Amino acid sequence: MLARKSIIPEEYVLARIAAENLRKPRIRDRPRKARFIAKNGACNLAHKNIREQGRFLQDIFTTLVDLKWRHTLVIFTMSFLCSWLLFAMMWWLVAFAHGDMDPSTESSTNSTKWTPCVTCVRSFTSAFLFSIEVQVTIGFGGRMMTEECPLAITVLILQNIVGLIINAVMLGCIFMKTAQAHRRAETLIFSRQAVIAVRNGKLCFMFRVGDLRKSMIISASVRIQVVRKTTTPEGEVIPIHQVDIPVDNPLESNNIFLVAPLIICHVIDKRSPLYDISAADLALQDLELIVILEGVVETTGITTQARTSYIAEEILWGHRFVPIVTEEEGVYAVDYSKFGNTVKVAAPRCSARELDEKPSILIQTLQKSELSHQNSLRKRNSMRRNNSIRRSNSMRRTNPSLIVPKVQFITPEGSQSASET
């Protein structure tokens, strides 16, 4: 440090550091707003300080279905093990009370006719094996019931009833977890970004939805909601204010036939919350558009729901989705590699309100786009012409055999003069 200070003055170092800081401006990113609905459809909501936990135990079946798989499998295994151990202890107590565990009874079996409650149950291990055989209905033939003890018959009936209840609840829980509706919703896809463009002379909010499976969604319907933070005239702050916006659907039933990817359109009119938003104001808006697709699964008949959301950064102004459905040899083919691809189109940057008040803005925008398109075509043609000329000149320079020899024409007078000379 001493050597550097002696070589480079301290004033120069401070001035250089200040100049570097001026060259690199510090850009403070706007704090990212938490999404209400994630892109995969999960609700970004955390429940805290719930005091009435007993309500979950009142609906035990739904609680078991909502648990994670590892917790469900642990409960599934422990329920059977605990029931087997409990009834094994009961069978052991029945055998002990009847005297089946006493070794002296084995020697007296030859002299007197002594019958145990359960044959071949002389320890807790054999009682545990007999409990499994009774509940799972596996009969190996070594251990069996007798009519000696009415208490043992009662325990047998009780274990059968409890075993059937455990089987029904746990197997039903496993079946419901494997056949949940959100599993089918994973094959319903939405475009990563939404667009705003002009369609039929109106500004429209559009996104694309598709189904990856061949089995269809029956009676599919699409709903769009806008979630934003609003303040009422009385000063009440509503953090999650939901507003329904209409979907442009020419069908009266408001259902879509989702056999191929479709572009869902919302016309931005006076009823739309996007009516006063322009392209410049869109980036400053704190809003989230939630898309909900509902329908009935054709194969199972279960109602499913797929969700996603679009924030202001995910809405492209002046773009349009590229077509992905083509007809090939009498079959409609869908290219999912272009599912979310967009292309720029001419669209006014003003809001829908300004466009309704001044329709000439749309005409001027279309005229400008047409002129720019013609100019780009002219430039492209001129560039192609220049490139072709340059290529021909370069080929002539490299290949001298392609050079055309010059031909001199001599007039008859010149020839006569030349002959006279």
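Residues numbered from 1 in each chain as written. Predicted model: local features only at pLDDT ≥ 70, side-chain atom pairs only at ≥ 80, totals over all residues. Heavy atoms only, no water.

### Quick notes on the overall build of the protein
Keep this limit in mind: Helix and strand definitions follow DSSP, with helices as H or I runs of at least four residues and strands as E runs of at least two, each counted in order from the N terminus. For every residue, the accessible area (1.4 Å probe, protein chains only) is compared with the maximum for its type, and the residue is labelled buried under 20%, exposed over 50%, or partly exposed between those bounds. For the area figures, the Shrake-Rupley method with a 1.4 Å probe applies, and any residue is considered shielded solely by the protein chains shown.
For the protein, the helix and strand inventory stands at 13 helices and 13 strands. Counting over 421 residues, the protein shows a buried share of 29%. If you sum the accessible surface of the protein, you get close to 29,400 Å²; carbon and sulfur atoms cover 58% of it.

### What to know about the sheet that holds strand E8 (residues 303-311)
For clarity, the threshold we go by: One bridge is not enough; two strands pair if DSSP finds at least two bridges between them. Fitted lines through C-alpha atoms serve as axes, helices being fitted only where they are in contact, and the angles separating the N-to-C directions of these axes extend from 0 to 180 degrees.
In space, the four strands of this open sheet follow the order E5-E4-E7-E8, with antiparallel pairing throughout. The strands lining the two open edges of the sheet, one partner per strand, are strand E5 (237-245) and E8. Each strand axis lies, on average, 25° off the axis of its neighbour in the sheet, ignoring direction. Inspection of the sheet shows strand E7 (residues 287-297) paired to E8 by nine bridges, in the antiparallel sense. Opposite Leu293, over in E8, you have Ala306 as the bridge partner.

### Considerations on the pairing of E7
With respect to burial, E7 is a largely interior element, nine of its eleven residues being buried. Relative to E7, strand E4 (residues 217-231) runs antiparallel, the two sharing ten bridges. Bridging from a neighbouring strand, Ser221 pairs with Glu294 of E7. The hairpin formed by E7 and E8 contains five residues between the paired strands, and Gly301 there has a positive phi angle of roughly 75°.

### Comments concerning helix H8 (residues 150-178)
To keep it simple, the criterion reads: Expected span, for any helix, means 1.5 Å times one less than how many residues it has.
With 29 residues, H8 should reach 42 Å at 1.5 Å per residue; the first-to-last C-alpha distance of 42 Å fits that figure. Every buried residue of H8 is accounted for by Ala152, Val155, Gln159, Gly163, Ile166, Met170, Cys173 and Lys177.

### As for the confidence of the model for the protein
The cut-off we apply is this: Scored from 0 to 100, pLDDT reflects the predictor's confidence in each residue. What makes two residues a contact is simply this: any of their non-hydrogen atoms within 4.5 Å.
Across the protein, pLDDT averages 78, with 78% of residues at or above 70. When mean pLDDT is compared element by element in the protein, strand E10 (residues 319-321) scores highest at 92, while helix H1 (residues 2-7) scores lowest at 43. In this model, residues 22-29 is a region of pLDDT below 50 whose contacts with residues beyond four sequence positions or in other chains number zero contacts.

### Let's talk about the nonpolar core
Quick reminder of the rule: Remark: nonpolar core denotes a set of buried residues (Ala, Val, Leu, Ile, Met, Phe, Trp, Tyr, Cys) joined through side-chain atoms within 4.5 Å.
Membership of the largest hydrophobic core comes to 39 residues, with the highest contact counts inside it found for Phe205, Phe207, Leu289 and Leu293. Dropping the residues within four chain positions of it, Leu293 is found in contact with Leu188, Phe190, Val209, Ala220, Ser221, Val222, Ile256, Leu258, Thr304, Gln305 and Ala306. Of all hydrophobic cores here, the second largest spans 14 residues; its members include Phe87, Val94, Val118 and Val121.

### Quick word on the pairing of E4
The side chains of a regular strand alternate between the sheet's two faces. By the bridge criterion, seven bridges tie E4 to E5 in an arrangement that is antiparallel. Residue pairing across strands places Val226 opposite Val243, the latter belonging to E5. In this antiparallel pair of consecutive strands, E4 and E5, the connection spans five residues, and Gly235 shows a positive phi of 95°.

### Quick look at the pattern of salt bridges
The condition is simple: Salt bridge, as used here: a side-chain nitrogen of Lys or Arg that lies within 4 Å of a carboxyl oxygen of Asp or Glu.
Considering all chains together, one arrives at seven salt bridges under this definition. Among the ionic pairs, Arg271 bridges to Asp269, the shortest N-O distance being 3.3 Å. According to the relative accessible area criterion, Arg271 is exposed, its value standing at 61%. Note that Asp276 is salt-bridged to Arg353, the shortest N-O span being 2.4 Å. One end of the pair, Asp276, is in the loop between strand E6 (262-267) and helix H10 (279-282); the other, Arg353, is in helix H11 (residues 352-357), with 77 residues separating them in the sequence. The exposure class of Asp276 is partly exposed, given its relative accessible area of 47%.

### Digging into a nonpolar patch on the surface
For clarity, the threshold we go by: Every patch collects residues that have over 30% relative accessible area and no salt bridge, joining them within 9 Å if they carry like charges and within 5 Å if they are nonpolar side chains (Val, Leu, Ile, Met, Phe, Trp, Tyr).
Residues Leu57, Ile60, Phe61, Ile153, Ile157, Ile161, Ile165, Val169, Phe175 and Met176 make up a contiguous nonpolar surface patch of roughly 920 Å² in combined accessible area. When residues of the nonpolar patch are traced back to their parent elements, those giving at least two are helix H4 (60-66) and H8. Among the elements that line the nonpolar patch, the one with the most residues is H8, at seven residues. Ile60 sits in the partly exposed class, given a relative accessible area of 45%.

### Focus: helix H7 (residues 124-136)
With 13 residues, H7 should cover 18 Å at 1.5 Å per step; its first-to-last C-alpha distance of 18 Å lies within 8% of that length. What H7 keeps buried is the set Ser126, Ala127, Phe130, Ser131, Glu133, Val134 and Gln135. On its buried side, H7 packs onto helix H5 (69-98) and H8. Of the residues trailing H7, Thr137 is marked for its positive phi of about 55°.

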